[in-house]
Structure formats: structure tokens, C-alpha cells
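Structural overview
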Amino acid sequence: MTRTLLAIVLVLLLGGAARAERLIVSVSNHRVTVTPNYSGEELVLFGSVERDATTPADRTAYDLVVTVRGPRADMVTRRKERTFGIWINTDYRQFLQVPSYLALFANRPFDAITSPEIARRQQIGLNNVLLTQRVGGDYADVVPNDAFRSAFIRLRTQRGLYREDPSAVTFLTPTLFRTGIPLPGEVPIGTYEIEIKLFANGAFIGKTETAFEIVKIGFEQFVATTARHNGLLYGLATVAMALMTGWMASIVFRKD
């Protein structure tokens, strides 16, 4: 009896998976190289919604939300206040392992795609993305209008590292789509995760993921690798170069 029940459940699960639409996606470049004259570029994400015979006939329109997350890191946002005519840091908030780059794109306004509850659960929109913080002795996210959270997002947005665009995804046909992924000149090095979520009539249908990598090449990569893996050697070389530069400057500008 137990085996029969398990078999029925398995058939139902497989049948449900078979009826779900599939997302097929790719990115124009899976490896971006950063050179000394790099000033940014834009990748293109494109794909399609694969339907089958069991897809409801009345399901003809879809919504897409694309989330791009860069390498995670700890960051700090500080509050400055003017005291006796001098601007000083009076408070700060530490953000723990948050994306160094974060972009959210959609084919129409986020609040028109799904309900607020699903949007919060699926982290649709910058206000719903979890940004874990150290608040006193606790670790949690806070309300979207928190002063430190708002300042953190504003500062990252000004540098082009955080962004959201509810009109960036374009459906070329009812099932074919594309969007651009702009990368600023100071884009962080590392692996970038892309998450594509599919909605229909406000309901979350499914998702898929892909990724690309940003790497340095040439002398910059050698310096970065040496600093990361051979800290002592890198430190000694830096000190030696500083001493050499100072000695050469003393010779060039020596007064006879």
C-alpha cells in the first residue's frame, strides 16, 4: 500500500513537471575580460519559453523578471553629521555578504507582474531583495525605507552597481525574449549569477539560471593574483618599489 501511494505521488510530481513551461536561455558572452582601458560594456541575455501540448491554451502572455547578482562581499554604510563645522562619522551599518553588483529587469512594472506577497517571497524589485545587516547583535534585513538601507542602495545605484528597470526585458514574440545587462567600468571581478523567473497571470511558473564571469588579464591579473595568494611577497615587493621610487626621486631632484 505504501509503495502504491509513493508511486502515485511520483507520477503526479513528474506529470506536474512535464506540464510546466521550460525556460531556455543564454548570454552573449560567458567570460568578460577586463583590461587597463576597460570602460564597461553590455551583455545580452536572450531565450525562449518552451511550451508543450499540455500547456493551457489560454496561457498566451508571460512576464519575466531577470536578476543579476555579482560576487558577494561585506560592506559598510556610514552616517556623517556636521559637528562644530566638521563632518564626522556618527553611526554605521554593516551589510553582510550582499551582492557587489545587483540588477533587476522585467518586461513591465514589478507591481503589475504579481501580488505583493509573491513579490516579497520571490524577491522581485530592489525593495524586496534581502540585504542582510548587522543590527546590534542581530542579523537580519530591515524595512525598505530604513535610512541606512536606502542610503546603501542609493550610493550603489549612483555608481551603476545597483539598478532596476521594469522595461528592460523585451518579448520579440510571445515566447522569445531578450534583455541587456549593462556593466559599468568599475565592475567587480568574479562570477555573476543570473536568475530568470517566469510568471503568468500573476502566478510564479518556474525559473532557470545561468552565469558569466568577469576576469582581469595581463599585468593587472598578475598583481591581483600575487596579492591574494602571496601576501608577504606582494608586500615586500611593494615596499621595495616605494624605496626605489623615493631613491630615484632624490637623485633626479637633488640640488647640486
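Because the structure is a prediction, the values reported are computed rather than measured.

Another point: the sheet that holds strand S12 (residues 176-183). Spatially, the four strands line up as an open sheet ordered S1-S3-S12-S11, and their pairing is antiparallel. The two strands at the open ends of the sheet, each matched to only one other strand, are strand S1 (22-27) and strand S11 (170-171). Bridge count for S11 against S12 is two bridges, and the pairing is antiparallel. Its bridge partner lying in S12, Phe 171 is registered against Phe 177.

Take Thr 179: it is sitting in strand S12. Overall, Thr 179 belongs to the buried group, its relative accessible area being 1%. Ignoring anything within four residues of it in the chain, the contact list for Thr 179 reads Leu 43, Val 44, Leu 45, Val 66, Phe 105, Ala 168 and Val 169.

It is worth spelling out the packing of aromatic side chains at this point. This model, assessed by the stated rule, comprises six aromatic pairs. Where Phe 199 meets Phe 204, the ring centres are 5.5 Å apart and the plane angle is 55 degrees; that geometry is what we call tilted. The class of Phe 204 is partly exposed, set by a relative accessible area of 30%. Site record: aromatic cluster; members linked through ring pairs are Phe 95, Phe 152 and Tyr 162. Looking at Arg 78, its charged tip hangs above the ring of Tyr 92, at a distance of 5.8 Å from the centre.

In this structure, Val 68, Tyr 162, Ile 181, Leu 183 and Phe 212 are the most contacted members of the largest nonpolar core, which totals 48 residues. Per-element accounting of this core gives the leading share, six residues, to strand S13 (residues 190-200). Excluding anything up to four places from it in sequence, Leu 183 contacts Val 32, Tyr 38, Gly 40, Glu 41, Leu 43, Tyr 101, Phe 212 and Ile 214.

Turning our eyes to something else, we now look at a nonpolar patch on the surface. A cluster of nonpolar side chains, contributed by Met 244, Trp 247, Met 248 and Ile 251, occupies part of the molecular surface with about 430 Å² of accessible area. For Ile 251, the location among the structural elements is in helix H6 (residues 231-252). Overall, Ile 251 belongs to the partly exposed group, its relative accessible area being 39%.

This brings us to the pairing of strand S2 (residues 31-34). Side chains on a regular strand alternate between the two faces of the sheet. Alternating positions in S2 separate cleanly, Val 32 and Val 34 being buried on one face and Arg 31 and Thr 33 remaining unburied on the opposite face. Two strands pair when backbone bridges link them, and S2 and strand S14 (residues 203-216) are joined in this way by four bridges, in the parallel orientation. In the strand pairing of S14, Val 34 is matched with Lys 216.

Attention shifts here to the pattern of salt bridges. For the structure on display, the rule yields eight salt bridges. Among the ionic pairs, Asp 63 bridges to Arg 108, the shortest N-O distance being 2.8 Å. Taken together, the positions of Asp 63 in strand S4 (residues 63-69) and Arg 108 in the loop between strand S7 (102-106) and helix H2 (110-113) put the pair 45 residues apart, joining distant regions of the chain. For Arg 108, a relative accessible area of 35% translates into the label partly exposed. The salt bridge involving Glu 186 is made with Arg 159; its shortest N-O contact spans 2.6 Å. Of this pair, Glu 186 sits in the loop between S12 and S13 while Arg 159 sits in the loop between helix H4 (147-158) and strand S10 (162-165), and the two are 27 residues apart along the sequence. Exposure remark for Arg 159: the relative accessible area of 41% places this residue in the partly exposed category. Shared partners join several salt bridges into a network, and the residues in it are Arg 69, Glu 195, Lys 197 and Lys 207.

Strand order in the open sheet made by the six strands is S2-S14-S13-S4-S7-S10, with mixed pairing throughout. Each of the sheet's edge strands pairs with one partner strand only, and the pair in question is S2 and S10. The mean inter-strand angle of the sheet, taken between neighbouring strand axes irrespective of direction, is 15 degrees. Here S4 pairs with S7 via five bridges, running antiparallel. Of the residues in S7, the one forming a bridge with Val 68 is Ala 103.

Conventions we followed
Residues numbered from 1 in each chain as written. Predicted model: local features only at pLDDT ≥ 70, side-chain atom pairs only at ≥ 80, totals over all residues. Heavy atoms only, no water. Pairing = 2+ DSSP bridges. Helix = DSSP H or I, 4+ residues; strand = E, 2+ residues; numbered from the N terminus. Buried < 20%, exposed > 50% of the residue type's maximum accessible area, 1.4 Å probe, protein only. Contact = heavy atoms within 4.5 Å. Phe/Tyr/Trp six-rings, centres within 6.5 Å; stacked < 30°, edge-to-face > 60°. Lys NZ or Arg CZ within 6 Å of the ring centre and 35° of its normal. Core = buried A, V, L, I, M, F, W, Y, C linked by side-chain atoms within 4.5 Å. Patch = residues over 30% accessible without salt bridge, like charges linked within 9 Å, V, L, I, M, F, W, Y side chains within 5 Å. Areas by Shrake-Rupley, 256 points an atom, 1.4 Å probe, with all protein chains shown as cover. Salt bridge = Lys/Arg side-chain N within 4 Å of Asp/Glu carboxyl O. Axes fitted to C-alpha atoms, helices over the stretch in contact; angles between N-to-C directions.

Such coordinate-based values are descriptive only and should not be taken to indicate function.
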